[in-house]
Amino acid sequence: MTIKNLVTAPIAGQKPGTSGLRKKTAVFQSPHFLENYVQSIFDGIGGVAGKRFVIGGDGRFFNRQAIDVILRMAAANGVAECIVGRDGLLSTPAASHLIRLNGTNGGLILSASHNPGGPNADFGLKFNGANGGPASEAVTEEIYACTQNIEAYKILEAPTVDLSVEATTTLGDMTVTVIDPVSDYAELMESLFDFDAIRAMFEGGFRMVFDSMLAVTGPYAKEIFETRLGAKHGTVINGEPSHDFGGGHPDPNPIWARELMAIMQSDTPPDFGAASDGDGDRNMITGPHRYVSPSDSLAILADLAHLAPAYKGGLAGVARSMPTSCAVDRVAAAKGMESFETPTGWKFFGNLLDAGRVTLCGEESAGTGSDHVREKDGLWAVLLWLNIFAATGKSMDQILADHYATYGRTYYSRHDFEAVETENANALMDALRAKLPDLAGQEVNGLRVQAADEFAYDDPVDGSRSERQGLRILFEGGARAIFRLSGTDTEGATLRVYLERLETAKNKLKADPQKALANVIASAETLAEIKAHTGRAAPDVIT
Ligand code: G1P
Ligand code: ZN
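Residues numbered from 1 in each chain as written. Chains lettered and ligands numbered in written order. Predicted model: local features only at pLDDT ≥ 70, side-chain atom pairs only at ≥ 80, totals over all residues. Heavy atoms only, no water.

Asks: Would you mind going over the overall build of the protein in detail, with residue names and values included?
Replies: Along its length, the protein carries 18 helices and 27 strands. Along the longest, intermediate and shortest principal axes, the C-alpha atoms of the protein span 75 × 60 × 40 Å. Expressed as a percentage of the 543 residues in the protein, the buried residues total 57%. A fraction of 72% describes how many contacts in the protein between residues 6 or more apart in sequence connect residues 24 or more apart. Distance between charge centroids for the protein: 3 Å, based on 49 positive and 69 negative side chains. (Helix = DSSP H or I, 4+ residues; strand = E, 2+ residues; numbered from the N terminus. Buried < 20%, exposed > 50% of the residue type's maximum accessible area, 1.4 Å probe, protein only. Contact = heavy atoms within 4.5 Å. Lys, Arg positive; Asp, Glu negative; His and termini not counted. Charge placed at Lys NZ, Arg CZ, Asp CG, Glu CD.)

Asks: Go over the site of ligand 1, please, and point to the residues and values.
Replies: The full set close to ligand 1 counts 15 residues, and T18, S365, R484, S486 and T488 are the nearest of them. Measuring from an oxygen atom of ligand 1, one finds a side-chain N or O atom of K376 at 2.8 Å. At 2.6 Å from an oxygen atom of ligand 1 is found a main-chain nitrogen or oxygen belonging to G487. Across the complex, the protein chains shield 99% of the 380 Å² of accessible surface that ligand 1 would expose by itself. Each residue belonging to the shell around ligand 1 can be placed in one class, and the counts come to no nonpolar, eight polar and seven charged. (Near = heavy atom within 4 Å. Polar contact = N/O pair within 3.5 Å; in protein donor to acceptor, adjacent residues only side chain to side chain. Areas by Shrake-Rupley, 256 points an atom, 1.4 Å probe, with all protein chains shown as cover. Nonpolar A, V, L, I, M, F, W, Y, C, P; charged D, E, K, R; others polar.)

Asks: Would you mind going over the pattern of salt bridges in detail, with residue names and values included?
Replies: Summed over the entire model, instances satisfying the criterion amount to 39 salt bridges. For K335, the salt bridge identified is with D303, shortest N-O distance 3.4 Å. A residue pair is termed long-range when its members are at least 10 positions apart, and K335 in helix α11 (residues 327-335) and D303 in helix α10 (residues 294-304) qualify at 32 residues. The class of K335 is partly exposed, set by a relative accessible area of 39%. (Salt bridge = Lys/Arg side-chain N within 4 Å of Asp/Glu carboxyl O.)

Asks: Break down the packing of aromatic side chains for me, citing the residues and quoting the values.
Replies: Per the stated rule, a full pass over the model turns up 15 aromatic pairs. The interplanar angle of 75° and the centroid separation of 5.2 Å between the aromatic rings of F28 and F33 together place this pair among those described as edge-to-face. Residue classification places F28 among the buried residues on the basis of a relative accessible area of 1%. In this structure F33 comes out as buried when scored by relative accessible area, which is 3%. Among the aromatic residues, those joined into a cluster by ring pairs are F202, F206, F272, W385 and F389. (Phe/Tyr/Trp six-rings, centres within 6.5 Å; stacked < 30°, edge-to-face > 60°.)

Asks: Let's hear about the nonpolar core: which residues, and what values?
Replies: F193, F225, F272, W380 and L386 are the most contacted members of the largest nonpolar core, which totals 69 residues. Looking at this core, the element that brings in the most residues is helix α13 (residues 378-392), giving 10 residues. In this structure, F225 is in contact with M208, F210, G230, A231, V236, L379, V382, L383 and L386, ignoring residues within four places of it in sequence. Ranked by size, the runner-up nonpolar core spans 41 residues in total, among them I55, F62, L110 and M174. (Core = buried A, V, L, I, M, F, W, Y, C linked by side-chain atoms within 4.5 Å.)

Asks: Give me the lowdown on the sheet that holds strand β18 (residues 367-370), citing residues and values where you can.
Replies: Taking strand neighbours across the sheet as the criterion, the four strands line up as β16-β15-β17-β18 in an open arrangement whose pairing is mixed. Since the sheet does not close on itself, it has two edges, and those belong to β16 (338-342) and β18, each with one partner. Pairs of neighbouring strands in the sheet enclose a mean axial angle of 15°, with direction left out of account. The strands touched by α10 are β15 (317-321), β17 (360-363) and β18; relative to β17, the strand with the most contacts, the crossing angle is about 170°. Across the sheet, α11 lies against β15 and β16, angled at about 165° from β15, the strand it touches most. (Pairing = 2+ DSSP bridges. Axes fitted to C-alpha atoms, helices over the stretch in contact; angles between N-to-C directions.)

Asks: Residues and numbers for the side chain of D281, please.
Replies: Structurally, D281 can be placed in the loop between β12 (272-276) and β13 (283-287). In this structure, D281 is buried with no salt-bridge partner, the nearest side chain bearing the opposite charge being K376 at 4.0 Å. If we ignore the near neighbours within four places in the chain, the residues touching D281 are T92, P93, S113, A366, G367, E375, K376, D377 and G378.

In structure tokens form, the structure reads like this:
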């Protein structure tokens, strides 16, 4: 086996976004693209000789081939050991856990999350550090700098490693340890929650449907819900991981999790319905005839987490990304907990979790998690909900009604305008940015602007500053309209408009969110002139 040192040249467009590098699969497959990026990761983190890494992905098209390249490059660059999920599979939260459990120097996770997969769809790769979390901005900047200066990469010429059996083998001088992707993660979940109480609840007839969306969580969900917790066979639907997620978007929202939504809207819905995304870090929560907004779910979990064994001592604090609704802040205030507002992306929670400042955190984009790993965790959120059902004996309707009665209801919605011409999206943001200084005090569609700014974040742990993190328009009475451009899309630009309003009147807590938000939606259009800039009459996706 020989180590090859191959000459290459920088390839444009290798700047990591909100969550690693995401591109069309064909781009990742183009000559040297993957190799350049992997070498840049290795160099950008200060070299990998003698280090240990966890490697796995969500199983999408090109996962297996990409892992083969990564392993051969790792061996050529002197890595001591790679721990790889069987068949190259690992959910993102499981990878985070394995990094922490095995004390490795980090991991490489292959996923484009909720984006579709396949030869004509998307692929992604990201580096997580030794704490198990996505690399900080400082590290991704280093990696990006390496992509711009790369001259060569190292790769071992060797046959493909068999990843289909759990075994320890070698590749050159590197140890390759193939492990069961599920068991360590399932053990962790069992250590956090009251599995006996949840099992008893299922025995008592509690019914759930969990939609794995033909993505990575199928084997995890079957093992945890059906085998360990005794939920009836068939509780997990779409549980076979597929290379292209059956041609759909593995995105757990009411649009893409259609099958689950139909079950929950049926005449005899189960007590609880949930779904997770391509790589298992997102969750969708529903009840009979009810969709629970991720922001509400975060607030309710923050309020009731103490009912699960892992959190019985209470939470140190909570954090939410800026566009996530303020519902969780109200819970934190009532409980006297610290709450933090961070930029979009899980990497910004890492420092707060590491420093013990927060126990729970979440994003409006169906991401919720705690200090048990350093990624958001879809199955964890579902298990915490199950633990709450088991501990309270209440239905979803009762839990929501109690929450709204205590804290008010934060009506919330996100409107996405996808594949907008990048120039037009930038023009919209520039025009709105220019207006911000004069907005305070103005009345727009019946709402008075209290403040308007571009969000910047000063990390309270390491003092770093992240600027240009979204345009915020705050109205009197707690309504907000937030604008930002996606950092995970692979085609043109995606404009995200986040809308919310607090309602406390007891007789107005059951409205349709789009109706309850009509004024805020109209104000967003008035202020940003979305139609004029994008040519779109309506959003592509409403969540
Ligand atoms: C999106 C979500 C964000 C999430 C990220 C990775 O990023 O909005 O909350 O952390 O995916 O899952 P965006 O495309 O908005 O940059
Ligand atoms: Zn994901």
